[in-house]
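Analysis of the macromolecular model
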Amino acid sequence: MGKKVEELAVEVDELALSLVGWQVQDVRARLVTDSFSDTHFQEIVVSGTARFLREDWSDRFTSGDDDSYPPTLLIGLSPADRPQLVSYTHALLETIKKAGKRPVRFSETSSTWECAKPVEAEKIRLQMTSFDLSETDLDLHWPSSKTKQLPVEVIDETVHEAVRLRPSVCDATIVGKKSDKALQIRLGGFAEFGSAQELLADLAEMESWRDGDLDDECPFDVPVPGLSVEVLDATDFLLDKWEVDLYGKVPVDEDGRLPSRQPRWIAQRAFDLDELAGEPVRVVVRLVDAEDL
C-alpha cells in the first residue's frame, strides 16, 4: 500500500517538431501508482520546456500573424506493444509571439485509471511531436487491454483536385470496459497538392471573380479539404457525426513558389458509447471540399 513514483522515458520526434518550428528543450514524465490492497490507481504526469523558433517554420500551412498560433505541441500515449492505439493530446497551445519570445513550460496529467495489476513503466510509450494541421479532443487516457476494431470505409467526395487528402491512418477502436467504453477514431496522413497553376484553377472555381492569371493573382492560398465522419449501427442508423475542418492552406508566394513538402495532418476524437442511441458497428469517413463543411 502507498504511493509509488517512477520515471518514464519520453521519445522526442525532433524531425517532426523542427519542421514546424518547435524545439523541446527538456521533457520528463512520471508514472504515479496509488495502491490500496488489491486495487491500484495510476496516472501519468508529463512536464517540460519548449521554445518556438519561427525562423525554422519555413513551410507554413496555416495563415495568420504573430498573435496567431503555431502548430500545436502534442503528447502521444500508447501501449509499447500496441503503438497503433496512440492518442494525442495538447501539451502546449500558445501564440507565435509569446512562444517565440522565451522558453515556455508545460505540464499535463492523464486521467486516472483503476487496475487490479499495475501497468509497468516499460509498457508505456510516450512521445512528443507535432503536425502541420491537427484536430484532437482526446486527453491522456490509458486504453484498457480489451479493444475492438470497427471497420472504416473511406469515400472521396471532393470535386477539386489540386489539393487532396491522402489518409495513411484510418481506424476506429472501442476501448475501455463497462460504463467507461468509448469509440476512438484516429485519422491521419498527408495532403498532396499540384502545381501553382492547378491550385489557381481550383481557387478560380471557388471564387469566380479571379481571372486565373498567376502573375496577377500571386500570392494566394488554397484551402485543404476536410472530413465528415459518420458513426453507424448495424441498421445504418447515423448515431453521431463529426465534421473536421483542418483550417489548412496551401500557399503560393508572390513568385509562384510552392512549399517544399507535403503537410502532415492528424484528427482524433472519442465518442462516449453511453451517449449513443445504439451500438456502433462501422465508421464512414467522407473526404469533402473545404467549402462543404
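Not measured: the values here are computed from a predicted model. By convention here, each chain's residues receive numbers from 1 onward along its written sequence. With pLDDT at 70 or above as the cut-off, local features in this predicted model cover only qualifying residues; side-chain atom pairs require 80 or more to be listed or tallied, and sums for whole chains, interfaces and linings still use all residues. Think of the side-chain values as coming from all heavy atoms in the structure, minus any hydrogens and water.

**What to know about the overall build of the protein chain**
The line we're drawing: Going along the chain from the N terminus, every DSSP run of H or I of four or more residues is numbered as a helix, and every run of E of two or more is numbered as a strand. In this treatment the radius of gyration is a C-alpha quantity, and the globule benchmark scales as 2.2 Å times the residue count to the 0.38 power. In this scheme, a residue with accessible area under 20% of its type's maximum is buried, one over 50% is exposed, and one in between is partly exposed, where area comes from a 1.4 Å probe on protein chains only. Whether two residues touch is decided by their heavy atoms; if any such pair falls within 4.5 Å, the residues are in contact.
A count of helical and extended segments in the protein chain gives four helices and 20 strands. For a compact globule of 293 residues, the expected C-alpha radius of gyration is about 19 Å, and the protein chain comes in at 21 Å, within 12% of that figure. In terms of overall dimensions, the protein chain has C-alpha extents of about 75 × 55 × 25 Å along its principal axes. Looking at the 293 residues of the protein chain, the share that counts as buried comes to 47%. Counted over contacts in the protein chain with a minimum sequence separation of 6, partners at least 24 positions apart contribute 76%.

**Things to note about the pairing of strand S9 (residues 124–130)**
To be explicit about the condition: Only strands joined by at least two bridges in the DSSP assignment are considered to pair.
By the criterion of burial, S9 is predominantly enclosed, with six of the seven residues buried. As paired strands, strand S5 (residues 73–79) and S9 are joined by seven bridges and run antiparallel to one another. Bridge assignment links serine 78 to a residue of S9, and that residue is arginine 125.

**Points about the layout of surface pockets**
Formally: Put simply, the grid is 1 Å and covers the protein atoms alone, a cavity is a trapped set of points that fit a 1.4 Å probe, a pocket is an open set with protein on both sides within 12 Å along at least five of seven lines, and lining residues have an atom within 4 Å of a point. Grid points are joined across faces, edges and corners, and a volume is the space filled by probe spheres set on the points. Side-chain classes follow a simple rule in which Ala, Val, Leu, Ile, Met, Phe, Trp, Tyr, Cys and Pro form the nonpolar group, Asp, Glu, Lys and Arg form the charged group, and the remainder, Gly included, forms the polar group.
Roughly 360 Å³ of volume is contained in the second largest pocket. For the second largest pocket, the lining is made up of 18 residues, of which Thr62, Thr72, Ser134, Leu246 and Tyr247 are closest to its centre. Sort the elements by how many residues they give to the lining of the second largest pocket and strand S10 (residues 133–136) lands first, with four residues. Counted by class, the lining of the second largest pocket contains eight nonpolar, six polar and four charged residues.

**Details of the environment of glutamate 122**
Here glutamate 122 shows up in the loop between strand S8 (113–115) and S9. Sequence spacing of glutamate 122 and glutamate 198 is 76 residues, and the spatial spacing of their C-alpha atoms is 49 Å.

**Structural notes on the side chain of arginine 164**
Note that arginine 164 resides in strand S13 (residues 163–175). Arginine 164 sits in the buried class, given a relative accessible area of 18%. Among all residues touching arginine 164, those that are not within four sequence positions of it are Asp156, Thr158, Phe190, Ala191, Glu192 and Pro225.

**Concerning the sheet that holds S10**
This is how the line gets drawn: What counts as an axis is a line fitted to C-alpha atoms, over the stretch in contact for a helix, and the angles between N-to-C directions run from 0 to 180 degrees.
An order of S10-S19-S14-S13-S11 is seen for the five strands of this open sheet, with the pairing classed as mixed. Among the strands making up the open sheet, the edge pair consists of S10 and strand S11 (148–150). Averaged over all adjacent pairs, the angle separating strand axes in this sheet is 20°, with direction ignored. Sheet analysis places strand S14 (residues 182–193) next to strand S19 (residues 264–272), joined by nine bridges and oriented antiparallel. By the bridge assignment, glycine 189 is partnered in S19 with tryptophan 265.

**Describing the sheet that holds strand S6 (residues 87–92)**
Overall, mixed pairing links the four strands, which are arranged S2-S9-S5-S6 in an open sheet. Lying at the two open borders of the sheet, with one neighbouring strand each, are strand S2 (11–12) and S6. Sheet topology note: the S5/S6 ladder contains five bridges and is antiparallel. Looking at S6, one finds that glycine 76 is bridged to tyrosine 88.

**Brief notes about helix H3 (residues 196–206)**
Each turn of an α-helix holds 3.6 residues, which means side chains three or four residues apart point in the same direction. Selection criterion: Note that the arc is computed from the directions linking the helix axis to the C-beta atoms.
For H3, every residue scored as buried is listed here: Ala196, Leu199, Leu200, Asp202 and Leu203. Down the axis, H3 shows its buried residues gathered within 160° of arc, on one side only.

**Quick notes on a positive patch on the surface**
Applicable threshold: In this scheme, patches are assembled from residues that exceed 30% relative accessible area and form no salt bridge. Like charges are connected within 9 Å, while nonpolar side chains (Val, Leu, Ile, Met, Phe, Trp, Tyr) are connected within 5 Å. Values of accessible area rely on a 1.4 Å probe in the Shrake-Rupley scheme; residue burial ignores everything except the protein chains shown. Think of a salt bridge as a Lys or Arg side-chain nitrogen and an Asp or Glu carboxyl oxygen that are within 4 Å of each other. A residue counts as positive if it is Lys or Arg and as negative if it is Asp or Glu; His and the chain ends are not included. Note that the charge is assigned to NZ on lysines, CZ on arginines, CG on aspartates and CD on glutamates.
Taken together, the side chains of Lys97, Lys98, Lys101 and Arg102 make up a positively charged region of the molecular surface. On the basis of relative accessibility, which here comes to 45%, the residue lysine 97 falls in the partly exposed class.

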